[in-house]
Number of protein chains: 2
Amino acid sequence: MGEQLTDEHEVVALERAALERWGKGDPGGFLEICAPDVVYFDPSLERRIDGLAALTRYYEGLWGTVSFERFELINPQVQVVGDAAILTFNYASYGAAGGPSRWNCTEVFRREADVWRIIQTHWSYTIAKRA
Amino acid sequence: MGEQLTDEHEVVALERAALERWGKGDPGGFLEICAPDVVYFDPSLERRIDGLAALTRYYEGLWGTVSFERFELINPQVQVVGDAAILTFNYASYGAAGGPSRWNCTEVFRREADVWRIIQTHWSYTIAKRA
């Protein structure tokens, strides 16, 4: 209980792989590792998104719209509680226009038959103001 | 695994009690239910805060600065994974100046000897732009 790992845990590799695809406009990398009961926050939403079907519809609207050349997970940390793994990090992405675009991120993964699935995603801007 | 509860789970009551004190300028209600390894994000921070000592220093700087008359947890949901409970909600607080102030929140609790402790907090504005 309370075991902490940095950067080595399997969920960090899953997150990086999904972000590689995301930076090429493909949200499919995230959708493929989300559980049916995933919940999701980002700064453009009036309400939390509940469930993979709703998140899929949302991401479908974003397909091809995101592009960055590289990204950085800053100080990723994984807190493991049994079959739950809580990944937190600051994040920066760099596009053709420069950047960086800075974010805070919390991903909660649940282990299911030795596969980790995202059950909660929370993206927010690092240093934000109300829109 | 994947059990979902709404509004009845013990951690929702803990969150409400801490928010009652928070609205009176007292962050102590949160500090008392945080684990030593708590991590924390909010929109005013350049980086994630790591650990209860650092979070205590941060909250001490906010003591007496926050005031609201009432608040609302909108559609709170708890995802339970063994000894982890992931509470997510949209949030609105209403002060003397009106409001509401709208937020997204993720709180991850860990059960330790039948007591729930916060190990991850992520507050962000609902509908935000970069500062």
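Rules used in this analysis
Residues numbered from 1 in each chain as written. Chains lettered and ligands numbered in written order. Predicted model: local features only at pLDDT ≥ 70, side-chain atom pairs only at ≥ 80, totals over all residues. Heavy atoms only, no water. Helix = DSSP H or I, 4+ residues; strand = E, 2+ residues; numbered from the N terminus. Rg over C-alpha atoms; globule rule 2.2 N^0.38 Å. Buried < 20%, exposed > 50% of the residue type's maximum accessible area, 1.4 Å probe, protein only. Contact = heavy atoms within 4.5 Å. Areas by Shrake-Rupley, 256 points an atom, 1.4 Å probe, with all protein chains shown as cover. Core = buried A, V, L, I, M, F, W, Y, C linked by side-chain atoms within 4.5 Å. pLDDT = per-residue confidence, 0-100. Pairing = 2+ DSSP bridges. Lys, Arg positive; Asp, Glu negative; His and termini not counted. Salt bridge = Lys/Arg side-chain N within 4 Å of Asp/Glu carboxyl O. Polar contact = N/O pair within 3.5 Å; in protein donor to acceptor, adjacent residues only side chain to side chain. Buried area = accessible area lost by both parts, 1.4 Å probe. Nonpolar A, V, L, I, M, F, W, Y, C, P; charged D, E, K, R; others polar.

**What to know about the overall build of chain A**
1) Next: Helix and strand content of chain A: three helices and eight strands.
2) Next: Secondary structure elements of chain A, listed N to C terminal, follow the sequence β-α-α-β-β-α-β-β-β-β-β.
3) Next: Relative to its length of 131 residues, chain A is compact, with a C-alpha radius of gyration of 14 Å against a globular reference of 14 Å.
4) Next: Going through the 131 residues of chain A one by one, you find that 56% of them count as buried.
5) Next: Across chain A, the fraction of contacts at a sequence separation of at least 24, relative to all contacts at a separation of at least 6, is 50%.
6) Next: About 5,700 Å² of surface is accessible on chain A, with carbon and sulfur atoms providing 49% of the total.

**Section: the nonpolar core**
Across soluble globular proteins, nonpolar side chains show a tendency to be buried alongside one another.
1) Next: Leu55(A), Tyr91(A), Leu55(B) and Tyr91(B) are the most contacted members of the largest nonpolar core, which totals 66 residues.
2) Next: Leaving out residues up to four positions away in the same chain, Leu55(B) has contacts with Leu31(B), Cys34(B), Val38(B), Tyr40(B) and Ile49(B).
3) Next: By size, the runner-up hydrophobic cluster in this structure holds twelve residues, among which are Ala35(A), Val81(A), Ala84(A) and Val108(A).

**Focus on the confidence of the model for chain A**
1) Next: Residue-level pLDDT values for chain A average 93, and 95% of them are 70 or greater.
2) Next: With pTM at 0.94, the complex prediction returns an ipTM value of 0.93.

**A closer look at the pairing of strand 2 (residues 34-41) of chain B**
Residues and elements named next belong to chain B.
1) Next: Most of strand 2 is tucked away, with seven of its eight residues classed as buried.
2) Next: Where strand 2 meets strand 7 (residues 115-125), four bridges bridge the pair, whose relative direction is parallel. Note that in strand 7 the partner of Val39 across the bridge is Gln120.
3) Next: For strand 2 and strand 3 (residues 49-50), the ladder comprises two bridges, and the chain directions are antiparallel. Residue pairing for strand 3: Tyr40 is matched across the bridge by Ile49.

**With respect to the side chain of Glu107(B)**
All names here are of chain B.
1) Next: Along the chain, the position of Glu107 falls in strand 6 (residues 98-112).
2) Next: Within the buried core, Glu107 has no salt-bridge partner, and the shortest N-O distance to an opposite charge, that of Arg16, equals 12 Å.
3) Next: A distance of 2.4 Å separates the side chain of Glu107 from the side chain of Thr121, its partner in a polar contact.
4) Next: Every residue in contact with Glu107, bar those within four places of it in the chain, is listed here: Glu15, Phe30, Ala85, Ile86, Leu87, Ile118, Gln120, Thr121 and Trp123.

**Comments concerning the interface of chain B and chain A**
1) Next: The interface is formed by 47 residues belonging to chain B together with 47 residues belonging to chain A.
2) Next: For the pair chain B and chain A, the summed buried area comes to about 4,100 Å², and 56% of that belongs to carbon and sulfur atoms.
3) Next: Inspection of the chain B/chain A interface yields zero salt bridges.
4) Next: For the pair chain B and chain A, the number of links is 25 residue pairs in polar contact (both at pLDDT 80 or more).
5) Next: Within the residue set of the side of chain B that touches chain A, elements represented by two or more residues are strand 2, strand 4 (70-81), strand 5 (84-95), strand 6, strand 7 and strand 8 (128-130) of chain B.
6) Next: Broken down by element, the side of chain B that touches chain A gets its largest block of residues, ten residues, from strand 6 of chain B.
7) Next: Partitioning the side of chain B that touches chain A into residue classes produces 19 nonpolar, 15 polar and 13 charged.
8) Next: Two strands pair when backbone bridges link them, and strand 8 (residues 128-130) of chain A and strand 8 of chain B are joined in this way by three bridges, in the antiparallel orientation.

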